[in-house]
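Close look at the chain arrangement
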Amino acid sequence: KVAFSPSGDWLAASDLTNVWLLRTGGLSTANRVVLDTPLLSFDSSIVELVVSPDSSWIGVSTDGGQVVLYNINSRTRRILEQSIPGAKIAFSSDSQFLITGNREGIVQTWNVSTGKPGVDLFAGNAQVNSLALYEDQLAMGFMDKVVIVNVTTGQVVSIIEAPGDHHLMAFSPN
C-alpha cells in the first residue's frame, strides 16, 4: 500500500506488516531507495493505509484488529480502544476524525486527538467493503449497494443499488 500526503512532502509505503515514511524531495533523483527501520510495525497484515487531508496523520488498520493513528508532527502513535479486524478507514475532510467501517456494518467516528470513539454514522447488517469521503459526504461500499451518508447530520443521503462488492471507491473532486 502507498499513500501520498496531500501536501506532497512525503509518502507512506507499506509491505505486509510494516510502514515507512519517505520524504519526496530526494525521490525524484533517486533510482533506488533503501528502506531503513520502519515507522510502524504490526504482528498482522496491513489492510488499509490512509493519510489525513492536512497531512498530519497516518491511519493504519490490520486484519488482526488494530487501528492505529500516527501523528507525523509529534511522532506519536495512538491505538484505538477496541479491536476492529479488517477495518476500512478514512479521515474526515477536516482531519479531526478517523472513520472506521467493520465487518458487521458499523461505521463510526474516532477523535484523532484523543483516540476516543465519537458517533455511529451507520449501522448496517453487512460487511463494509470500502469508504470514500468528500467534504461531508461519506460513501460506504457494501455487497450490491453503495450508501451515502452526510457525516455532519448522520442522515442517509442516498442508497444506490448496484451489483458488485464495491471494494474500491473514490469521489471525483469536481
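Residues numbered from 1 in each chain as written. Predicted model: local features only at pLDDT ≥ 70, side-chain atom pairs only at ≥ 80, totals over all residues. Heavy atoms only, no water.

To continue, consider the sheet that holds strand β15 (residues 145–150). Here we have four strands laid out as an open sheet, ordered β13-β14-β15-β16, and antiparallel in their pairing. A strand with exactly one partner marks an edge of an open sheet, and here the two such strands are β13 (130–134) and β16 (156–161). Looking at each pair of strands side by side, their axes are set apart by 15° on average, direction ignored. Relative to β15, strand β14 (residues 137–142) is paired through six bridges, and the arrangement is antiparallel. If you follow A139 over to β15, its bridge partner there is I148. (Pairing = 2+ DSSP bridges. Helix = DSSP H or I, 4+ residues; strand = E, 2+ residues; numbered from the N terminus. Axes fitted to C-alpha atoms, helices over the stretch in contact; angles between N-to-C directions.)

Below, the discussion takes up the pairing of strand β3 (residues 18–23). Along β3, five of the six residues are buried, which leaves the element largely enclosed by surrounding structure. Taken together, the five bridges between strand β2 (residues 10–14) and β3 define a ladder with antiparallel strand orientation. Note that in β3 the partner of A12 across the bridge is L21. Hairpin connection, β2 to β3: the antiparallel pair is bridged by three residues. Of the strand pairs in this sheet, β3 and strand β4 (residues 40–41) are connected by two bridges, and their pairing is antiparallel. For V19, the partnering residue across the bridge sits in β4 and is L40. (Buried < 20%, exposed > 50% of the residue type's maximum accessible area, 1.4 Å probe, protein only.)

With five bridges connecting them, β15 and β16 associate as antiparallel partners. Bridged to I148 within β16 is S158. Taking the residues that link successive antiparallel strands as the turn, the β15-β16 hairpin has five residues, and the phi of G154 there is positive, at about 80°.

By definition, the strands of a sheet pair up through backbone hydrogen bonds, in either a parallel or an antiparallel sense. Within the open sheet, the four strands sit side by side as β1-β2-β3-β4. Their pairing is antiparallel. For this open sheet the edge positions go to β1 (2–4) and β4, each flanked by a neighbour on one side alone. Relative to β2, β1 runs antiparallel, the two being bridged by three bridges. When the sheet's bridge partners are listed, A3 is paired in β2 with A12.

Turning our attention to the side chain of T109. For T109, the position within the fold is in strand β11 (residues 106–111). For T109, a relative accessible area of 9% puts it in the buried group. Separated by 2.9 Å, the side chain of T109 and the backbone nitrogen of V119 make a polar contact. Setting aside chain neighbours within four positions, we find T109 in contact with F97, L98, I99, P117, G118, V119 and L121. (Polar contact = N/O pair within 3.5 Å; in protein donor to acceptor, adjacent residues only side chain to side chain. Contact = heavy atoms within 4.5 Å.)

Our next topic: the pattern of salt bridges. The final tally for this structure, using the stated rule, is one salt bridge. Two residues, K88 and E48, come together in a salt bridge whose shortest N-O distance is 3.9 Å. Of this pair, K88 sits in strand β9 (residues 88–91) while E48 sits in strand β5 (residues 46–51), placing them 40 residues apart in sequence. (Salt bridge = Lys/Arg side-chain N within 4 Å of Asp/Glu carboxyl O.)

Time to look at the nonpolar core. W10, V19, F42, L49, I58 and V60 are the most contacted members of the largest nonpolar core, which has 15 residues in total. Elements supplying a minimum of two residues to this core: β2, β3, β5, β6 (57–62) and β7 (67–71). Examining the composition of this core, we find that three residues originate from one element, β5, more than from any other. (Core = buried A, V, L, I, M, F, W, Y, C linked by side-chain atoms within 4.5 Å.)

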